[in-house]
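Single-letter residue listing:
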Amino acid sequence: MKLQSRHLLGLEGVSKEDINLILDTAESFKEVLGRPIKKVPPLQGKTIVNLFFENSTRTRISFELAERRLSADVVNFAAGGSSVSKGETLKDTARNIEAMKIDMVVIRHSSTGAPHFLSRVVQANVVNAGDGQHEHPTQALLDMMTLREKYGTLEGLRVCIVGDILHSRVARSNIFGLKTMGAEVSVCGPETLMPRCIEEMGVKVYNKLEEIIPHVDALNVLRIQLERQKNGLFPSLREYHRYFGVTKEKVDRAPKPITIMHPGPINRDVELSADLADGEHSVILEQVTNGEAVRMSVLYLLGTSN
Ligand code: CP
């Protein structure tokens, strides 16, 4: 089975069949991660470059582990210490790296569309590891894998994404992916952190957590981007926590347990209380484990389809 595209640039327009193929393949790779020797040969002889122009802990390590577990040769690039600081363009950096005979590029960049641009100037398969405020497709895939594992299906599942929707690539990719898979998606956050016309993406919008909590199976809580406070988009962390912080007291009012998700990194006791992050209904570390399986799946499907 093959994916419809040579690249994974986002989940907008990706079919239900392709998402199911990625998630089903990830389940097989999760079994590999449970073995004493967590390594399989399908990408032997392939070279993958991780181009990280923006900070990352989870995504960078997860991609590198996934690549090594598939037996690929791995090269890591960080913008600091490279010729980017001498003014080299993304196109020149990418084409020079490609001249060293690489097969795949994983890119994280602060500019929206950087992976799309790269896919037009190099022959290698391109995987988006997060571009600006646009998309973070492997994060949404690992979120969907985690929910599918827990509930058996995404069809009809009620998921609310909470927090800074305006600046969140995680929110956008989750909305595209979950809607395609038939989930009921809502978003909740301050009006200043809500994109205009968000309803056009097929989601319901709430400005009060208390109104949506009784009606969801899962809350995907986004990191509050602390730098936004300086721009006056919310008055204080204390006030944000009071109205939009997901706390035990608030979720305990729901008629049944709510699954707690967070893409990380967490600001504990700001957007999510520490007891919930570490509590029995949290799947946050399962998301991280599934991230490795999902990235193995994406790299395998793209790397073996050429
Ligand atoms: N969830 C996520 O993308 O985390 P990192 O920024 O640490 O990669």
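Just so it is clear, the model here is predicted, and its values are computed rather than measured. (Residues numbered from 1 in each chain as written. Predicted model: local features only at pLDDT ≥ 70, side-chain atom pairs only at ≥ 80, totals over all residues. Heavy atoms only, no water.)

A.B. asks: I'd like a rundown of the pairing of strand β3 (residues 104–109), residues and numbers included.
C.D. replies: With respect to burial, β3 is a largely interior element, six of its six residues being buried. Of the two faces of β3, the one carrying M104, V106 and R108 and the one carrying V105, I107 and H109 are both buried. In terms of strand pairing, strand β1 (residues 47–52) meets β3 through five bridges, oriented parallel. Residue V49 lies in a different strand from β3, and its bridge partner there is V105. Bridge count between β3 and strand β4 (residues 125–131): five bridges; the pairing is parallel. When the bridges of β4 are listed, I107 appears paired with N128. Once the chain exits β3 it traverses helix α4 (residues 114–121) before rejoining the sheet at β4, and the crossover so formed is right-handed. (Buried < 20%, exposed > 50% of the residue type's maximum accessible area, 1.4 Å probe, protein only. Helix = DSSP H or I, 4+ residues; strand = E, 2+ residues; numbered from the N terminus. Pairing = 2+ DSSP bridges. Right-handed = clockwise from strand over helix to strand, strands pointing away.)

A.B. asks: Break down the site of the ligand for me, citing the residues and quoting the values.
C.D. replies: Taken together, S56, T57, R58, T59, R108, H136, Q139, P263 and G264 are the residues near the ligand. The separation between an oxygen atom of the ligand and a polar side-chain atom of T59 is 2.6 Å. Taking R108, its side chain carries an N or O atom lying 2.9 Å from an oxygen atom of the ligand. Contact with the protein chains covers 90% of the free accessible surface of the ligand, which is 260 Å². At a threshold of 2 Å from the grid points, most atoms of the ligand map onto the largest pocket. Here the shell around the ligand spans two domains, and each of domain 1 (39–135) and domain 2 (137–284) adds at least three residues to it. (Near = heavy atom within 4 Å. Polar contact = N/O pair within 3.5 Å; in protein donor to acceptor, adjacent residues only side chain to side chain. Areas by Shrake-Rupley, 256 points an atom, 1.4 Å probe, with all protein chains shown as cover. 1 Å grid on protein atoms, 1.4 Å probe; cavity = no way out; pocket = protein on both sides within 12 Å on 5 of 7 lines; lining within 4 Å. Sits in = over half its atoms within 2 Å of the grid points. Domains from an automatic or database assignment.)

A.B. asks: With reference to specific residues and values, describe the layout of surface pockets.
C.D. replies: Within this model, the largest pocket holds a volume of roughly 650 Å³. Along its surface, the largest pocket is lined by 32 residues, and R108, R169, R223, G264 and P265 are the ones closest to its centre. Take the lining of the largest pocket: its biggest share by element is four residues, from helix α12 (residues 284–303). Its residues assigned to classes, the lining of the largest pocket comprises seven nonpolar, 16 polar and nine charged. No fewer than three residues from each of domain 1 (39–135) and domain 2 (137–284) sit in the lining of the largest pocket. When its volume is computed, the second largest pocket comes out at roughly 230 Å³. Along the walls of the second largest pocket sit 14 residues, with K248, V251, D252, L276 and H281 positioned nearest its centre. Elements represented by at least two residues in the lining of the second largest pocket include exactly α10 (248–251) and α11 (274–277). When the residues that make up the lining of the second largest pocket are grouped by side-chain class, the tally is six nonpolar, three polar and five charged. (Points joined across faces, edges and corners; volume = space filled by probe spheres on them. Nonpolar A, V, L, I, M, F, W, Y, C, P; charged D, E, K, R; others polar.)

A.B. asks: Explain the domain arrangement of the protein residue by residue, including any values.
C.D. replies: Domain annotation of the protein identifies domain 1 (39–135) and domain 2 (137–284). Inter-centroid distance (C-alpha atoms) of domain 1 to domain 2 is 28 Å. Facing 13 residues of domain 1, the contacting portion of domain 2 comprises 13 residues. The junction of domain 1 with domain 2 conceals about 980 Å² of combined surface from both sides, 45% of it contributed by carbon and sulfur atoms. (Contact = heavy atoms within 4.5 Å. Buried area = accessible area lost by both parts, 1.4 Å probe.)

A.B. asks: Provide a residue-level description of the sheet that holds β1, including the pertinent values.
C.D. replies: The strand order across the open sheet formed by four strands is β2-β1-β3-β4, and the pairing between neighbours is parallel. If you trace the sheet from one side to the other, it starts and ends with β2 (73–78) and β4, each paired once. Direction aside, neighbouring strands of the sheet carry axes that sit 15 degrees apart on average. (Axes fitted to C-alpha atoms, helices over the stretch in contact; angles between N-to-C directions.)

A.B. asks: Describe in detail the environment of V221, supporting the description with residues and values.
C.D. replies: Following the sequence through the fold, V221 ends up in strand β8 (residues 218–221). C-alpha separation for the pair V221 and C188, spaced 33 residues apart in sequence, amounts to 9.6 Å. Once residues lying within four places of it in the same chain are set aside, the contact partners of V221 are V162, V246, M261, H262, P263, E271 and L272.

A.B. asks: I'd like a description of the packing of helix α1 (residues 16–33) against helix α5 (residues 137–151), backed by residues and values.
C.D. replies: The contact between α1 and α5 brings their axes to 10 Å, and the two run at 70 degrees. Classed by the angle they form, the pair α1 and α5 counts as roughly perpendicular. Of the residues in α5, those in contact with I19, N20, I22, L23, D24, A26, E27 and K30 of α1 are L141, M144, M145, R148 and E149. Across the contact of α1 with α5, the residue classes break down as seven nonpolar, one polar and five charged. (Parallel < 35°, antiparallel > 145°, perpendicular 65-115°, else oblique.)

A.B. asks: So what's going on with unusual backbone geometry? Residues and values would help.
C.D. replies: The residue after G264, namely P265, is reached through a cis peptide bond having omega -5 degrees. The phi dihedral of C197 falls on the positive side, at around 65 degrees, and the residue is not glycine. Relative accessible area serves as the criterion here: at 48%, C197 is assigned to the partly exposed category.

A.B. asks: Outline the nonpolar core, listing residues and values.
C.D. replies: Counting 58 residues, the largest nonpolar core has L141, M144 and L299 as its most contacted members. The contact partners of M144, leaving out residues within four places of it in the chain, are L11, I19, L23, L154, G177, L178 and M181. Core analysis: the next-biggest nonpolar cluster, separate from the first, contains 25 residues, C160, L209, V221 and A254 among them. (Core = buried A, V, L, I, M, F, W, Y, C linked by side-chain atoms within 4.5 Å.)

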